[in-house]
Amino acid sequence: MDCRNMCTQGFLFGICNASADFLLREHKSLPQEAISELECKGDVETGSVFEQTVALTYEGICLKVRRVVLRLKKVTCNGEREIAILTSLPQAVASAIEITDLYRGCWSVETLFQIVNKNFESEIQTLDYPKAALFYFCLEEGFLQYFSRCPKSYRQCTWCR
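Residues numbered from 1 in each chain as written. Predicted model: local features only at pLDDT ≥ 70, side-chain atom pairs only at ≥ 80, totals over all residues. Heavy atoms only, no water.

Asks: Would you explain the side chain of Glu26 in this entry?
Replies: Here Glu26 shows up in the loop between β1 (23-25) and β2 (33-34). Accessibility expressed as a relative area gives 13% for Glu26, which makes it buried. For Glu26, the side chain forms a polar contact with the side chain of Arg67, separated by 2.6 Å. (Helix = DSSP H or I, 4+ residues; strand = E, 2+ residues; numbered from the N terminus. Buried < 20%, exposed > 50% of the residue type's maximum accessible area, 1.4 Å probe, protein only. Polar contact = N/O pair within 3.5 Å; in protein donor to acceptor, adjacent residues only side chain to side chain.)

The following block contains the structure:
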């Protein structure tokens, strides 16, 4: 699972080429072709869940994936009325409703990332070099893992506030 900024064609096809599956929030600029219509799959606490199959094409290769859409009861702080999630997980592994639950679970991780970003100033403007940015991301991930396992230590840490 990851955020929508990682949702690029090369990234998604790389995951599939590695015989792995993905579950990512759809980036609005990702080109795709609808293969089926949106079909209602039920309701969850935050809205109604729909699903369809879409095709992604990259370097002449076509990949059919599931697109799960959560139409929200309440608009997000960014004014969004729906959240679209792309996944290569088969229906036998996770239903559309389970996909939305999995995605909602990642928000606790996203919140933790925001804490790490804010307190460790991880948005350094001079990291225009991919290897440096990747290294910094790995350091940030280390802090994330630490604080996700030791949330009490974060609350007690005065230099993190």
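Now that the structure is up, let's keep going.
Asks: For this particular structure, what's the right way to read the pairing of strand β4 (residues 47-58)?
Replies: Sheet topology note: the β2/β4 ladder contains two bridges and is antiparallel. Paired with Ala34 across the strands is Val54, a residue of β4. Judged from the five bridges that link them, strand β3 (residues 39-44) and β4 form a sheet pairing that is antiparallel. In the sheet register, Val44 faces β4, and the bridge partner there is Gly47. Between the antiparallel neighbours β3 and β4 lie two residues. Note: β4 against strand β5 (residues 61-72), 12 bridges, orientation antiparallel. Along β5, the bridge assignment pairs Ala55 with Lys64. If you look at the hairpin formed by β4 and β5, you'll find two residues sitting between the two strands, and Glu59 has a positive phi there, around 50°. (Pairing = 2+ DSSP bridges.)

Asks: Teacher, can you tell me more about the pattern of salt bridges here?
Replies: A complete count under the given rule lists five salt bridges for this structure. Arg25 is the partner of Glu80 in a salt bridge, and the nearest nitrogen-oxygen pair spans 2.8 Å. With Glu80 in the loop between β5 and β6 (82-87) and Arg25 in strand β1, this pair connects stretches of sequence that are 55 residues apart. Its relative accessible area of 14% is what places Glu80 among the buried residues. By relative accessible area, Arg25 is classed as buried at 4%. A salt bridge links Arg71 to Glu82, with the shortest nitrogen-to-oxygen separation between them at 3.2 Å. With Arg71 in strand β5 and Glu82 in strand β6, this residue pair connects regions lying 11 residues apart in the sequence. Residue class for Arg71 comes out partly exposed when judged on its relative accessible area of 36%. (Salt bridge = Lys/Arg side-chain N within 4 Å of Asp/Glu carboxyl O.)

The quantities given are spatial measurements derived from coordinates; they are silent on function.
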